[in-house]
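Summary of structural features
What follows is the residue order along each chain.
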Amino acid sequence: MTGYISIGKRVKFAFGIFCVLFVFLAYHLYGVQITRHDELYAKAREKYTIETRKENVRGEIFDRDGNLLVGNSPVGSIIADPCAIEKGKEQDTAAFLAQELQLPEGEIYQKLKAKEFTVIDKHGRKKTRKKRYVLLKKDIPFDIFEQIRDNIAKAKIRGISCQVSLKRTYPKATMLANILGFTTIDRDKVTARSGLEKSFDRNMSSVAGKVKYERSRDGKPLVFGEISRQNGHDGYDLYLTIREPLQAILEEEIDKLMAASKAAHAYMVMADPYTGDILAVAQRPTYDPNDRSQIKSNVMGNPIVEMAFEPGSIMKPFAISGALDMGIVRPDTIIDCENGLWSYAGKKLRDTHKIGRITVAEVIKESSNIGTAKIAVEIGEPRLKNLLSSFGFGQRTGAPLRPETVGQFYRNPTKISITRYPIGQGLSVSPLQMVRAYCMLANGGYQVKLRFVDRIVHANGTVEKIPVQKGNRIFRRPETTSEILSMMRLVTEPGGTGTAAAVRGYHVAGKTGTAQKVVNGRYSSKVHTSSFVGIVPASRPRFVLLVTADEPQGAQYGGAVAGPYFSSAAERTLKYLRETPEVDYETYDANLKLAKKRELERKVRIWAKEREERERRKAGLSAKTPVPAVRQTAKPARRNNSYRKSQTSVRRSYTPRGSRNYAANNGRRG
Amino acid sequence: MNAYTRNQGTEVISRDKMQDKRVKLAGFAARISGMILLIFLAIATQMHLRVEIERMNKRATEIRAEISLLNVQCTNLRNRKEKLTSWQNIHNRIQHYKLGLREAEHDQIAYITLEAPRAVRKTLRPVQKTAGRRMAKRGRQEYAQTSR
């Protein structure tokens, strides 16, 4: 009986203890699970969850055919963990690394010896921490890095690790440098600084992948411990419309141009007139993006979009083509160029040399300011403005380069603007605007949008083609293009202002331009912008090429400064494009010889006339009565001989004022 | 008699029970052993699989590292190729070695196109007599394709 009682007590006692323990446990669980839940959960998360970040690769830039222009190059870094290096072995390690890395031994030894560093916490207390990361050398070229890594592995040195990272590289160095731009590293983040790198930064930047997971005590991820995953991707690759071989040609020619002219700036732009593709762009001064220690701020820009210049005579074909299209003039309409001096609205306009009565085609050939201005006056102010606007002047080209200028177009027009704008004075355009306008002349008068980027290739391989946009037609008459191109062909033929730009075997439709620059509010007679723009081959245009030298020293005329380099670049480009010559070389040479002979005969005739005039003056005889300047307005478009006869009769009926002192055009000027 | 009977009876009963118990015990032991064996096998298999998975994971990591290294080497080689094939580099070499190279005239260049050799045989496959019209048509199509 007693035994039963004692057992019952013990059971009750044990039950009581269990009850107390259970209550304590329940209380504690309440505290852990409910009261301190957030705090403890956060602590646990912090301790057992980890986020790994996978850096992806920034997009690269290629030319149209897949040649690398901007890429990512692997480079190596050597990192030391001073705490992991055995005590007493620092000197040996330093000696080994000094030999491998070509660094001073003392410097490495100091770095390896310092195993602790002091930090100041948020309460201002000093604390010592172990030093686990010391960068010994970075950006080691990969080939050398691989050797060093093998040597370190063979030597079995503890505490030294080798890390591979990617560095932005520009394998073509200065080629296209201004257009491509460059990136820098700012607080471990890639920052695009200029050019296409900046414009397409959002597309080309990679998105880092992030995985958040729970890990075990030894740091391994738990099987079902993944909390979140954010998939990253590489940046998009850009394929430009640029073609590297053509780019190389322009780069070489522009260097020659710079060496010969000693210009402050020079640029060459080549474009496909039908698609608006920019085939090559060369700009000087430039820089090597791989070595930025020598870069000056003034060489980093893109003058072809940022810089507006007064184009000068290369502007003339636009007003004349408009007049042709409107039926105001025909290529053989006679224009009186007033013997080189003409007043309009009380202001004088001069030609670079004395020109009398010439055809519209000769206005282009001789680059007559007065002839062009007279045609523009005939077109009228509103129509001229519309015409030039339709060629894209005063509008951005949409090139993916910032900042882009719109130039100065009809900002403060005056009474004489109508005579100045068509000859490229009083307005300014960017080189790209000019190239776009010439593309329109070449492609039959269709508006065109310039393209720098041909396609974008996404990280998953999807190809996004940038479409070619065909614009509205400017010309109403289909013959306008062929007429203006035929007229522009005369510029590079004997007697024209741009004979140096001729290409053997091909007809070049071009225009020279020599624009005076404004210095202290006045047009300077010493500082010029010399240009040549051409369309080659004239019969079936393959490309438009603009060559401009800003402030050349010595020769200043566009034909003399830019012409030879245009010719050389165009000839090499045509060879590369396998463009068969329009005329075989023998015929071309024979035609050239004949044209030169005719030109010489024409000059001899003019000189003879001048001599006769001088003799008559000496003899005291009065000159022929000058006839008032009469512009021959366009006759209705008649193609039969009667029109020519009527023109001949017009020529006979008036004695040209200019013919009296028709100057010898010794210097062909643009 | 009673005692004999009782003893006899007791003896008989205990022998049967012992037999029964032994059989049951043996069956139980066999079942337990079987279960333990199964559990052992399961655990052993699981361990083996884990080891195998671990080994394969390790190998996969190694291969991934190798692939990544090869990719890096490929990138490096591509960049070197791009540098070496750039016109600037070629031009510098031409200048350095004073190679008397000049650009060819247009009439000096001839372009030839080599067509890729065709694996398809050009002879007409004989059409079986039994094949009928469908096979004959197929044969004609094949011939048309190969002789294009």
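Residues numbered from 1 in each chain as written. Chains lettered and ligands numbered in written order. Predicted model: local features only at pLDDT ≥ 70, side-chain atom pairs only at ≥ 80, totals over all residues.

Details of the overall build of chain A
Within chain A, the secondary structure is distributed over 21 helices and 25 strands. Here the C-alpha atoms of chain A give a radius of gyration of 38 Å, more than 25% beyond the 26 Å that 2.2 N^0.38 yields for 670 residues. The buried share of chain A, reckoned over its 670 residues, is 40%. Looking at chain A alone, contacts between residues at least 24 apart form 72% of all its contacts between residues at least 6 apart. (Helix = DSSP H or I, 4+ residues; strand = E, 2+ residues; numbered from the N terminus. Rg over C-alpha atoms; globule rule 2.2 N^0.38 Å. Buried ≥ 20, exposed ≤ 12 C-beta atoms within 10 Å, placed from the backbone. Contact = placed C-beta atoms within 7 Å.)

Side note on the interface of chain A and chain B
Of the residues lining the interface, 19 residues belong to chain A; the matching set on chain B comes to 13 residues. Looking at the side of chain A that touches chain B, the elements with two or more residues in it are β3 (68-80), β7 (160-169) and α19 (563-576) of chain A. Element by element, the count of residues in the side of chain A that touches chain B is highest for β3(A), at 5 residues. The residue makeup of the side of chain A that touches chain B, split by class, is 9 nonpolar, 6 polar and 4 charged. (Nonpolar A, V, L, I, M, F, W, Y, C, P; charged D, E, K, R; others polar.)

Here's the deal with the confidence of the model for chain B
Residues and elements named next belong to chain B. Per-residue confidence for chain B averages 77 on the pLDDT scale, and 68% of its residues sit at or above 70. Of all helices and strands in chain B, the one with the weakest mean pLDDT is helix α3 (residues 132-146) (64), whereas helix α2 (residues 87-96) scores best (88). Complex prediction metrics read pTM 0.77 and ipTM 0.75. (pLDDT = per-residue confidence, 0-100.)

Comments concerning the pairing of strand β5 (residues 126-130) of chain A
Side chains on a regular strand alternate between the two faces of the sheet. Counting buried positions along β5(A) gives 0 out of 5 residues, so the element sits mostly on the surface. A loop of 5 residues connects strand β4 (residues 116-120) of chain A with β5(A), the two strands running antiparallel in sequence, and A:Gly124 in this loop sits at a positive phi of about 85°. (Pairing = 2+ DSSP bridges.)

What to know about the sheet that holds strand β24 (residues 522-536) of chain A
Two pairing modes exist for strands in a sheet, parallel and antiparallel, and in both the strands are linked by backbone hydrogen bonds. All names here are of chain A. Pairing is antiparallel across the open sheet formed by 5 strands, whose spatial order is β14-β13-β25-β24-β23. Among the strands making up the open sheet, the edge pair consists of β14 (278-284) and β23 (509-519). Strand-to-strand, the axes of this sheet are offset by a mean angle of 10°, without reference to chain direction. Inspection of the sheet shows β24 paired to strand β25 (residues 543-550) by 8 bridges, in the antiparallel sense. Following the sheet pairing, Gly 534 is matched in β25 by Leu 545. Strands in contact with helix α16 (residues 431-442) are β13 (265-271), β24 and β25; relative to β25, the strand with the most contacts, it is inclined by about 150°. (Axes fitted to C-alpha atoms, helices over the stretch in contact; angles between N-to-C directions.)

Points about the domain arrangement of chain A
Residues and elements named next belong to chain A. When the domains of chain A are assigned, the result is domain 1 (53-240) and domain 2 (244-288 + 301-582 + 624-661). Taking the mean C-alpha position of each, domain 1 and domain 2 sit 52 Å from one another. Between domain 1 and domain 2, the contact holds 22 residues from the first and 22 residues from the second. At 4 residues, strand β12 (residues 237-240) tops the list of elements feeding residues into the side of domain 1 that touches domain 2. For the side of domain 1 that touches domain 2, a count of residues per class yields 11 nonpolar, 7 polar and 4 charged. (Domains from an automatic or database assignment.)

Focus on the nonpolar core
If you look at soluble globular proteins, the nonpolar side chains tend to sit buried side by side. Residue and element names in this part refer to chain A. Met 268, Val 269, Met 270, Ala 271, Tyr 438, Val 544 and Leu 545 are the most contacted members of the largest nonpolar core, which has 125 residues in total. It is α16 that provides the largest number of residues to this core, a total of 9 residues. Lining this core are residues from two domains, each supplying at least three of them: domain 1 (53-240) and domain 2 (244-288 + 301-582 + 624-661). Of all hydrophobic cores here, the second largest spans 9 residues; its members include Ala 80, Ala 94, Leu 112 and Leu 136. (Core = buried A, V, L, I, M, F, W, Y, C linked by C-beta atoms within 7 Å.)

So, the pairing of strand β20 (residues 453-457) of chain A
Residue and element names in this part refer to chain A. Pairing geometry for β12 and β20, over 4 bridges, is antiparallel. Bridge pairing in β20 links Leu 240 to Val 453. Sheet topology note: the β20/strand β21 (residues 463-465) ladder contains 3 bridges and is antiparallel. Bridge pairing in β21 places Ile 456 opposite Glu 464. What sits between β20 and β21 in their antiparallel hairpin is a turn of 5 residues, with Gly 461 showing a positive phi close to 95°.

Observations concerning the packing of helix α3 (residues 90-101) of chain A against helix α4 (residues 105-113) of chain A
Residues and elements named next belong to chain A. α4 packs onto α3 with a crossing angle of 135° between their chain directions and a minimal axis gap of 8 Å. The angle between α3 and α4 falls in the class oblique. Relative to α4, α3 is oriented so that their crossing is right-handed. In this structure, α3 uses Glu 90, Gln 91, Thr 93, Ala 94, Ala 95, Leu 97 and Ala 98 to contact α4, whose residues at the interface are Glu 105, Ile 108, Tyr 109, Leu 112 and Lys 113. Residues belonging to the contact of α3 with α4 are distributed by class as follows: 7 nonpolar, 2 polar and 3 charged. (Parallel < 35°, antiparallel > 145°, perpendicular 65-115°, else oblique. Left-handed = near helix turned anticlockwise from the far one by under 90°.)

Side note on unusual backbone geometry
All names here are of chain A. Here the amide bond leading from Arg 284 into Pro 285 is cis, since omega sits at 0°, within 30 degrees of zero. Within the secondary structure layout, Pro 285 lies in the loop between β14 and α10 (303-306). Pro 537 follows Val 536 through a cis peptide bond whose omega is -25°. With respect to the element layout, Pro 537 can be found in the loop between β24 and β25. Here the phi dihedral of Asp 139 falls at roughly 55°; this positive angle occurs in a residue that is not glycine. Tracing the backbone shows Asp 139 in strand β6 (residues 134-141). Of note in this structure, Leu 176 is not a glycine but carries a positive phi near 60°. Within the element layout of this structure, Leu 176 appears in the loop between β7 and α6 (177-180).

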